[in-house]
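# Inside the fold
Residue-level listing of the chains:
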Amino acid sequence: MSNTDTAVSNTGKTKRHSWNATDLGLIAVFAALVAGAALVPGLAVNGFGVPITFQTLAVMLTGLVLGPGRGFAAVGLYTLLGLAGLPIFSQGRSGLGILAGPSAGYIIAFPIAALVVGWLATLVIRRTTKVRALWLFLAAMATSVLVVHSLGVAGIALNTKATLAQAFVSDLVFYPGDIVKNILAAIIAVALHRAFPDILVRRVRHSTVQTTEA
C-alpha cells in the first residue's frame, strides 16, 4: 500500500471514530437528563444528609445507551456545569463547595460510572443476544457497587468525622433503591437499543467487524 493510500485509509478511520452533530446533541440531551433527575426532590434518609435521588438511574442509563466515551462526556458535562455554579446538583446545590460535603464522592463517581458501565454495555452487546437486559442490569449493579458506592463511602469518610465503617453503613440505605433503578435503566436501555440501534448497537457491531478484519 502506498503512503497516499495509507493516509486516505487513516483519514477514513478518523472520520468513523469522530463525533458528529448527532453525537454532540445526544451528549447534551443526556446531560440535561441527568440534571433533570437531580432536580427531582430527593429524600435525605442518609445519616450524613446525602439524599436519595433519580440521578443514579440517569447516570447508568446514559452509559448504557451512549457507551463509554459519549456517556462520560454527557455526565462529565453535567458535573462541570454544576461545579461551575449552575444549581443542577441534588436539592438545587452547585459550586465547588459541594466537593467539601458528604456528597462529594458520589458527584465525582458519576462520570466515571458512566464510562465504566458504558464500556461494560459494549461488551454485553458484542457477546450476548439473549437476556441482554439481565446482563446490562448486572453491569449497572457492578458499576454502582465498585464505583458509585465505593467513592461515595470514601467521600463521606473524608469530608465528615465518620469512620469508613460508619460511612459504609450509612451508604447501605441506597442499595435497595439502586437495585430498582438499575433494573429500570437496563430495561429502558434495551428498549432504546432496539428502537434506535444506530446510537450504540450498530457502532459496536461495526467496530467489532473492523477489529476482526484488521
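Calculation criteria
Residues numbered from 1 in each chain as written. Predicted model: local features only at pLDDT ≥ 70, side-chain atom pairs only at ≥ 80, totals over all residues. Heavy atoms only, no water. Salt bridge = Lys/Arg side-chain N within 4 Å of Asp/Glu carboxyl O. Helix = DSSP H or I, 4+ residues; strand = E, 2+ residues; numbered from the N terminus. Buried < 20%, exposed > 50% of the residue type's maximum accessible area, 1.4 Å probe, protein only. Phe/Tyr/Trp six-rings, centres within 6.5 Å; stacked < 30°, edge-to-face > 60°. Axes fitted to C-alpha atoms, helices over the stretch in contact; angles between N-to-C directions. Parallel < 35°, antiparallel > 145°, perpendicular 65-115°, else oblique. Left-handed = near helix turned anticlockwise from the far one by under 90°. Contact = heavy atoms within 4.5 Å. Nonpolar A, V, L, I, M, F, W, Y, C, P; charged D, E, K, R; others polar. Core = buried A, V, L, I, M, F, W, Y, C linked by side-chain atoms within 4.5 Å. pLDDT = per-residue confidence, 0-100. Expected span 1.5 Å × (residues − 1). Polar contact = N/O pair within 3.5 Å; in protein donor to acceptor, adjacent residues only side chain to side chain.

## Let's talk about the pattern of salt bridges
By the definition in use, this model includes four salt bridges. A salt bridge links Asp23 to Arg70; the shortest N-O distance between them is 2.9 Å. Taken as a pair, Asp23 in helix H2 (residues 21-39) and Arg70 in helix H4 (residues 68-84) lie far apart in primary sequence, 47 residues in all. With a relative accessible area of 1%, Asp23 lands in the buried category. The exposure class assigned to Arg70 is buried, which follows from its relative accessible area of 4%. In this structure, Lys181 and Asp178 form a salt bridge, with 3.5 Å as the shortest nitrogen-oxygen distance. Highlighted residues: Lys181 and Asp178, both in helix H8 (residues 175-195), separated by three residues, approximately one helical turn. For the pair Lys181 and Asp178, a shared accessibility class is recorded, and that class is buried. One continuous salt-bridge network, built from bridges that share partners, spans Asp23, Arg70 and Arg203.

## Brief notes about the packing of aromatic side chains
Enumeration over the complete set of coordinates arrives at two aromatic pairs. Summarising the aromatic geometry, the rings of Tyr78 and Phe89 are spaced 5.6 Å apart at their centres and angled 85° between planes, so their arrangement reads as edge-to-face. You can see Tyr78 sitting in helix H4 and its partner Phe89 sitting in the loop between H4 and helix H5 (104-127), a full 11 residues away along the chain. Across the pair, exposure class does not vary: Tyr78 and Phe89 are buried alike.

## Here's the deal with the packing of H2 against helix H3 (residues 55-66)
Viewed as axis vectors pointing N to C, H2 and H3 meet at an angle of 165°, and their least axial separation amounts to 8 Å. Classified by the angle between their axes, H2 and H3 sit roughly antiparallel to one another. The element H2 and its partner H3 pack so that their crossing is right-handed. Where H2 abuts H3, its residues Leu26, Phe30, Leu33, Val34, Ala37 and Ala38 lie against Gln55, Ala58, Val59, Leu61, Thr62, Val65 and Leu66. Considering only residue class, the contact of H2 with H3 consists of 11 nonpolar, two polar and no charged.

## Re the nonpolar core
Among the nonpolar cores identified, the biggest contains 55 residues, and Tyr78 and Leu136 are the most heavily contacted of them. Leave out the neighbours within four places in its chain, and Leu136 touches Leu64, Ala121, Val124, Ala186, Ala189, Val190 and His193.

## Here we look at the confidence of the model for the protein
Averaged over the protein, the pLDDT score is 88; the fraction of residues at 70 or greater is 85%. The low-confidence segment residues 1-16, where pLDDT is below 50, has three contacts with residues more than four positions distant or belonging to other chains.

## Some points on H4
Spanning 17 residues, H4 covers 24 Å between terminal C-alpha atoms, matching the ideal 24 Å at 1.5 Å per step. Within the span of H4, buried status applies to Arg70, Gly71, Ala74, Val75, Gly76, Tyr78, Thr79, Gly82 and Leu83. Positive backbone phi, approximately 130°, marks Gly85, located one or two places after H4.

## As for unusual backbone geometry
Apart from glycine, the bulk of residues carry a negative phi angle, and the bulk of peptide bonds sit in the trans form. Phi angles above zero are rare outside glycine, and Gln91 is one such case at about 65°. Even without being glycine, Val131 reaches a positive phi, approximately 40°. Structurally, Val131 is set in the loop between H5 and helix H6 (132-159).

## A closer look at the side chain of Asn182
Along the chain, the position of Asn182 falls in helix H8. A distance of 3.1 Å separates the side chain of Asn182 from the side chain of Ser144, its partner in a polar contact.

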